[in-house]
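Commentary on secondary and tertiary structure
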Amino acid sequence: MTLKNRWLAKDSLGQKLLRWVNLRPEESERTMLMFAFYTTTSIGLLWLEASTVALFLKEYGADKLPWIYIASAGIGSSLGFIYSWMQRILPLRRVIVLTALLMAVPLLLFRFGLDAAGGATIGSLTVLSLTVLLMRLWLEAIYVLNDLNTSITANQLFNIREIKRTFPLISSGVLVADVISGFSLPFLLSFIKLSDVILISCLVMALGAGVLFYLSQSYNQFFPEAPRRRLEEAHPDHLIARRLKGPLRRYVILLFAFFMMAQVLFLLVDFQFLSQLENQQLEGQGLVGGIASFLGLFNGVLGIFELATQWFASSRVIERIGVFTTAMFLPIAIIALGSFSMTGLVPLFVGLVILKFLDELLHYTLFTSTGPVLFQPLPESVRSGLQSLVRGVAEPIATGLTGLSILGIIWFCRNTQIGVQLQDWIFLAQIILLATIWLCTVWLLRSRYVGLLVVGAERGQLSISDVDLRELKRAVIETLNRPGTEADKRSCIELLSQIDLQNVGEALAPLLANLPPALQRQSLEAMLVHPSESYVNPVRALIEQPLFPEVLAVALRYIWLTEREPDIRQLRPYLRPEVDAVVRGTAASLMLRRGTPRQKAEATNTLRQMLTHKQERERVMGCRALGEAVYLQALRLYIPTLLQDESLRVRCALLEAIAATHLEEYYPSLLRGLHYKSTREAAMRALVRLDNEAIPLLVELAEDIHKPDLVRMQAWSAIGQIASREALDVLVAHLMTAWGANRRNVLRILLKMPHELGIDAISDRLGRSGVETLIDQEILFIGQLYAALVDLSWEQVLGAEADLLRRALADVQTDAVERLFLLMKVLYPLEAIQAASINLQSASPSSVAQGLEILDNTLDIANKRALLSVLDRRPDLDKLQSLSDMVTYEPMNASDRLRYLLDLRYFLPDWPLACCFHLARQARWSLTSEQILACLRYPTGYVREAVLTYLKVASPRALKELLPKLINDPDRLVAAQVQQMMAELGLKHSRPQPNGSKPPGPAANFSDIAGLETI
């Protein structure tokens, strides 16, 4: 452990290596073990493949390969069913290890079969033929099982956010295996027989199974304990049953066609390659050894190119030229090379070797990388299900159809006058034709893809960070140029601003003259974020036309803020009183920014008249102009009066102007604006506009326990809307120290941030272990609540006050469970957690069981069993016993448990605390002076009220000394209670004087009250 910690220490070589491969320390061991398993298994599998292909070509010839393709379609479907059935009767971690072993065990039988077929008798030849056939079929089965095992294990070990970082590294294991197995196979064949290579393949695959066994045991919390049962309609993937209509349905059909064509061409190229390989006379080790050695070297060289392409080129190529241009590489390469071979420019065998090389290279690098992106336009609720359906159904169907088509062509060539000599050219022509159809499919997909991206982004169903931005930008511009509704074009402008805000003028400036007024204003405002002189002329041409005042105002701002040496004198006509207020205010603010002293004085006078005008609109536009002016000069004098203006619109406009001009002396007014419903939205916008400058003010307000909860929540929400790195740091840091409603509010804010900014911030700063620590804290707290409910049960304590406390503790437990679900949403897909939450809230026992089943198959935290027991519907004592590994429970009598609860007061909400004092008063239980004094300083009034009521019974003497110190309590109900108690006790008191907004704080001298020590 010390060595591991040293290896992963900050700024160590291990940390630098992890950053280079984009891994986090807590993911590194799991990722490397998965990489080791996949690489080891793939090495054995590739050795087996080369040996099996060589034997099959010798024994049966390439003409029999179509039957293997047809059989593999059925094998894939059957093994998928068997794998699913095994999950229902065995725990998943046993299924994956058993599957890895089952892949290797038959290889021993094949080796003995090859040894038994060493003679020249008819029986030996029959055994050899049967063994080779079974080996070729089992090779197809192993590929299916290996892919299933790897993907399912990875999905269990990593959540949806981790797998984006880890799976590219894991999947490159097969490329590493290509290199190792390819160059080592000719070396092995020079020393041992082919049957011994199969034995070594078995041992290597068994070693991979051993790695997987260690992985499943070391990380057993990632796997469900019980066999997986059917989740029925509760599971999110069953949303795929929704009917697909319109453009979405056509797009899914094209996806089927895309992946089917890819598989068909892959198999046709493979068939032709192996056919030509069979026809060559490979010297050195005989036909079988020569083919196996050639395939080994071929795979080794191919693996080097694949690794280099995947690690250093794939992502850069896709980012630079786009998804669809990349997807067109493979069909274009097939068409070009096929045409060269057809015309005789390249010999047929050489052309097919190059074609096979490029097909494998592009298929397992660029094609594999672009495939998942094509599913991004689909709604998130059906995306994963459709992806599994398309990849799981399209490819087996394509394999079977390819086998049938090859058989048909072979039969046609052998039974017609065309002859077998033209068979290769017919297949080559078929490959070229199908590649052309595939290219057309890619083109059609491209048009449908961009259309669905735009629609999905409009509806907020699309994460912009996951799509091909080049294609999306092109689609948006095309939509703006075509006739359409104003609402559609408004959405397109918003989307274009998200995609490429810096260059938005390039697309929008030529369209300004033809857009309706609302879109003209929206476009100009988007262009103003990053103004450029290149687009001044289209805007200047626009203002020469009759424009709406709002459009003209924005256009003026764009021109006179963008030009390097603007002629401010041209703005003077816009200062006349008859000009609309929005244009007049904009012109005045521009003159204040860039005018001469005389022009600034003229603009100041114009704004002064607007700010003191009787009409509300004049004052509103004057305040907005203040925000654009930057230099307020003498106009500052009017701000205090305007803050008290009778018009709400004026006050709101002024709050935004204060933020725009960074008037620090009026920042308290922005914070006060959060207290009132009428100004809350404007104050929020103003504070967010201040960006990082507002964060210290908002943190101080949010952490002030004497402020109303709603105001504190608004302060956290404003920090969340700022969403800068500093804001995220503040929110995540507070998440670690906050409790109760504060933690819940901060979690909600972080989870609602767009593009998962908040989730990424939590993951980056706390890591998975930090989130698990927060979950453990909630479970520990719930354990304390169970202990309190058991010791304060109705059998132990009776009375209305006890019932109130028990109900309050049950509500606290409900709040803690809600926080648990919020924390789970940080680690796991929203759909799964939401489905589990809905089922667990049901009154039906079967629905609750389904919810627990979803969580059992989703969660992978260390204390998963404890969390599931908390969510299960069992008696509190049973749940408490199931938490024995985390919570030590020692039964207490009721009064001791109540005092223990009060010691946990920092974790309890206000109402349970008050209920504790009410129960202590009714049962006449003694409490400590520390507990009483702490709750007398509590910010919530009814908690202090409960303490006073308790003291009235428990210690009248202490109460007499205490009441005069509370006469000025800011809570009117507590102040009234103090006056009433003083009157009942015959104490003299003066009229209460307001003393601020806080109750007696830590400085209040309560400790000298002698009566408290005797309670």
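This is a predicted model, so every value here is computed, not measured.

On inspection of all chains with the given rule, the structure shows 28 salt bridges. With its nearest N and O atoms 2.8 Å apart, the salt bridge here joins E140 to R136. Of the two residues, E140 and R136 are both situated in helix α6 (residues 122-157); the distance of four residues between them amounts to about one turn of the helix. The exposure class assigned to R136 is buried, which follows from its relative accessible area of 5%. Ionic pairing is found between E563 and R540, a salt bridge with its closest N-O pair at 2.4 Å. Residue E563 is located in the loop between α22 (549-562) and α23 (581-594), and its partner R540 is located in helix α21 (residues 536-543); the two are separated by 23 residues in the primary sequence. A relative accessible area of 23% places R540 in the partly exposed class.

The next subject is unusual backbone geometry. Positive phi, normally seen in glycine, also occurs at H662, with a value near 55 degrees. With respect to the helices, strands and loops of the structure, H662 is situated in the loop between α27 (648-661) and α28 (667-673). Residue classification places H662 among the partly exposed positions, given a relative accessible area of 40%. Backbone geometry places A723, a non-glycine residue, at a positive phi of 60 degrees. Along the chain, the position of A723 falls in the loop between α31 (709-722) and α32 (725-737).

Another aspect to go through is the packing of helix α3 (residues 25-59) against helix α9 (residues 194-218). Taken N-terminus to C-terminus, the directions of α3 and α9 make an angle of 160 degrees; their axes are 9 Å apart at the nearest point. Taken as axis vectors, α3 and α9 run roughly antiparallel relative to one another. Of the two possible hands of crossing, α3 and α9 adopt the one that is left-handed.

It is worth spelling out the packing of aromatic side chains at this point. Each aromatic ring pair is specified by the distance between its two centres and by the angle formed by the two planes. Inspection of the entire model under this criterion finds 13 aromatic pairs. The interplanar angle of 85 degrees and the centroid separation of 6.0 Å between the aromatic rings of F298 and F357 together place this pair among those described as edge-to-face. Of the two residues, F298 is situated in helix α11 (residues 286-312) and F357 in helix α14 (residues 348-370); the sequence distance between them amounts to 59 residues. Given a relative accessible area of 9%, F298 falls into the buried group. K356 extends its terminal NZ or CZ atom over the ring of F266, reaching a point 4.9 Å from the ring centre. Lying over the aromatic face of W739, R819 brings its terminal NZ or CZ to 5.3 Å of the ring centre.

Here we take up the side chain of T661. Within the secondary structure, T661 sits in helix α27. T661 sits in the buried class, given a relative accessible area of 12%. For T661, the side chain forms a polar contact with the main-chain oxygen of A657, separated by 2.7 Å.

Turning to the side chain of R743, a few remarks are in order. Residue position: R743 is located in helix α33 (residues 741-752). Classification of R743 by relative accessible area gives buried; the value is 1%. Polar contacts involving the side chain of R743 include one to the side chain of E778, which spans 3.1 Å. The residues contacting R743, other than those within four sequence positions of it, are L735, M736, A738, L774, Q777, E778 and R819.

The end-to-end C-alpha distance of helix α46 (residues 972-984) is 18 Å, a good match for the 18 Å that 13 residues give at a rise of 1.5 Å each. Residues of α46 that are buried: V974, A975, Q977, V978, M981 and M982. What you see down the axis of α46 is that its buried residues fit within an arc of 160 degrees, all on one side. When the buried face of α46 is taken as reference, the exposed residues oriented beyond 90 degrees from it are R972, L973 and A983. On the buried face of α46, the contacting elements are α44 (941-954) and α45 (956-962). Immediately downstream of α46, the backbone of G986 shows phi near 75 degrees, a positive value.

All right, on to helix α41 (residues 894-903) then. Of all 10 residues in α41, seven are buried; the element is thus mostly enclosed. Residues of α41 that are buried: A894, S895, R897, L898, R899, L901 and L902. Those residues of α41 that are buried are in contact with α35 (767-791), α36 (800-827), α42 (910-923) and α43 (929-936).

Right, let's get into the packing of α32 against α33. It is the contact of α32 with α33, at a shortest axis distance of 9 Å, that shows an interaxial angle of 145 degrees. Where α32 crosses over α33, the handedness of that crossing is left-handed. In contact with L728, L731, V732, H734, L735 and M736 of α32, α33 contributes N742, R743, V746, L747, I749 and L750. Class assignment for the residues of the contact of α32 with α33 results in nine nonpolar, two polar and one charged.

A word on the confidence of the model for the chain. Looking at the chain, the pLDDT average stands at 80 and 84% of residues meet or exceed 70. Low pLDDT, under 50, characterises residues 1-10; the predicted model gives this stretch 13 contacts beyond four residues in sequence or across chains. Note on residues 1001-1005: pLDDT under 50 across the span, and four contacts to partners over four residues away in sequence or across chains.

Calculation criteria
Residues numbered from 1 in each chain as written. Predicted model: local features only at pLDDT ≥ 70, side-chain atom pairs only at ≥ 80, totals over all residues. Heavy atoms only, no water. Salt bridge = Lys/Arg side-chain N within 4 Å of Asp/Glu carboxyl O. Helix = DSSP H or I, 4+ residues; strand = E, 2+ residues; numbered from the N terminus. Buried < 20%, exposed > 50% of the residue type's maximum accessible area, 1.4 Å probe, protein only. Axes fitted to C-alpha atoms, helices over the stretch in contact; angles between N-to-C directions. Parallel < 35°, antiparallel > 145°, perpendicular 65-115°, else oblique. Left-handed = near helix turned anticlockwise from the far one by under 90°. Phe/Tyr/Trp six-rings, centres within 6.5 Å; stacked < 30°, edge-to-face > 60°. Lys NZ or Arg CZ within 6 Å of the ring centre and 35° of its normal. Polar contact = N/O pair within 3.5 Å; in protein donor to acceptor, adjacent residues only side chain to side chain. Contact = heavy atoms within 4.5 Å. Expected span 1.5 Å × (residues − 1). Arc of directions from axis to C-beta. Nonpolar A, V, L, I, M, F, W, Y, C, P; charged D, E, K, R; others polar. pLDDT = per-residue confidence, 0-100.

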